[in-house]
Amino acid sequence: MNAEAIKRLYTSVMPELSDDPLVLKDFARNLYLTKDYPGAISLLNQATAYSSHYDLYVLLGECYEKLNSLSEAESAYLKSSLLVPKLFYPRYRLMMLYTNQQDDAQALKLANKIIEMPIKIDSKLVREIKARAWALKTQLPK
């Protein structure tokens, strides 16, 4: 399905489901995939009025990153990591944001936090995030 078809489909259900954060997030995810980052941001901000699910803020951060709005991306990732402190992925996204900004001190701080975090549910993604944090720690000056 192309971007216009996706927009038409969601727009047709929005009058009845505009307060459903899952529908808003799904629509935003589809807009993100079609590179309509401002549209996705608008929907995600609308969704946060109805839900404070961490995933909304991760996707919001990713959208802001794509638009090079780095302070907004940082705020979204921080909010996500504060909502569920035991999750690896929001911290990982924040660590990578700092790495891409060449903010070595903040990236190293996050890498150390990720390394110290206990694994509650083992997964390939968590192992990859931990490995990336270790690699970053060994690469960055202390």
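A short tour of the structure in this document, coming up.

Taking 1.5 Å per residue as the helical rise, helix 6 (residues 88–100) with its 13 residues ought to reach 18 Å, and the 18 Å between its terminal C-alpha atoms agrees with that figure. Judged by how many residues are buried, helix 6 sits mostly within the fold: 10 of 13 residues are covered. Of the residues making up helix 6, those classed as buried are Phe 88, Pro 90, Arg 91, Tyr 92, Arg 93, Leu 94, Met 95, Met 96, Leu 97 and Tyr 98. Buried residues belonging to helix 6 abut helix 4 (54–66), helix 5 (70–83), helix 7 (104–116) and helix 8 (124–139). The positive-phi residue at the C-terminal boundary of helix 6 is Gln 102, with phi of around 60 degrees.

Let's shift gears to helix 8. For helix 8, spanning 16 residues, the distance from its first C-alpha to its last is 22 Å, which sits close to the expected 22 Å at 1.5 Å a residue. Of the residues making up helix 8, those classed as buried are Val 126, Ile 129, Lys 130, Ala 133 and Leu 136. Take helix 8 and look down its axis: the buried residues cluster within an arc of 125 degrees, on one side only. Turned more than 90 degrees away from the buried face of helix 8, the exposed residues are Lys 124, Thr 138 and Gln 139.

This brings us to the nonpolar core. Of all hydrophobic cores here, the largest spans 43 residues; its most connected members are Leu 44, Leu 60, Cys 63, Met 95 and Ile 114. If you list the elements that add at least two residues to this core, you get helix 1 (3–17), helix 2 (21–33), helix 3 (37–47), helix 4, helix 5, helix 6, helix 7 and helix 8. In terms of residues, this core owes the most to one element, helix 6, which gives seven residues. Those residues in contact with Cys 63 that lie beyond four places of it in its chain are Tyr 32, Tyr 37, Ala 40, Ile 41 and Leu 44.

This part covers the environment of Ser 18. Within the secondary structure, Ser 18 is located in the loop between helix 1 and helix 2. Using a relative accessible area of 27% as the deciding quantity, one classes Ser 18 as partly exposed. Residues Ser 18 and Leu 43, 25 residues apart in the sequence, show an inter-C-alpha distance of 9.1 Å. Here Ser 18 is in contact with Leu 24, Gln 46 and Tyr 50, once residues within four sequence places are set aside.

In this section: the packing of helix 4 against helix 5. In contact at an axis separation of 8 Å, helix 4 and helix 5 are set at 165 degrees when each is read in the N-to-C sense. What the angle tells us is that helix 4 and helix 5 run roughly antiparallel. The interaxial crossing formed by helix 4 with helix 5 has left-handed handedness. Residues Tyr 54, Tyr 57, Val 58, Leu 60, Gly 61, Glu 62, Tyr 64 and Glu 65 of helix 4 form the contact with helix 5, whose participating residues are Leu 70, Glu 72, Ala 73, Ala 76, Tyr 77, Lys 79, Ser 80 and Leu 83.

The tally for this structure, following the rule as stated, stands at three aromatic pairs. On the numbers, 5.4 Å between centres and 65 degrees between planes, the contact of Tyr 32 with Tyr 37 is edge-to-face. Tyr 37 shares its class with Tyr 32; the two are buried. Ring geometry for Tyr 89 versus Tyr 92: centroids 6.1 Å apart, planes at 35 degrees, classification tilted. Of this pair, Tyr 89 and Tyr 92 both sit in helix 6, three residues apart, roughly one helical turn. Judged by relative accessible area, Tyr 92 falls into the buried class, the value being 19%.

Conventions adopted
Residues numbered from 1 in each chain as written. Predicted model: local features only at pLDDT ≥ 70, side-chain atom pairs only at ≥ 80, totals over all residues. Heavy atoms only, no water. Helix = DSSP H or I, 4+ residues; strand = E, 2+ residues; numbered from the N terminus. Expected span 1.5 Å × (residues − 1). Buried < 20%, exposed > 50% of the residue type's maximum accessible area, 1.4 Å probe, protein only. Contact = heavy atoms within 4.5 Å. Arc of directions from axis to C-beta. Core = buried A, V, L, I, M, F, W, Y, C linked by side-chain atoms within 4.5 Å. Axes fitted to C-alpha atoms, helices over the stretch in contact; angles between N-to-C directions. Parallel < 35°, antiparallel > 145°, perpendicular 65-115°, else oblique. Left-handed = near helix turned anticlockwise from the far one by under 90°. Phe/Tyr/Trp six-rings, centres within 6.5 Å; stacked < 30°, edge-to-face > 60°.

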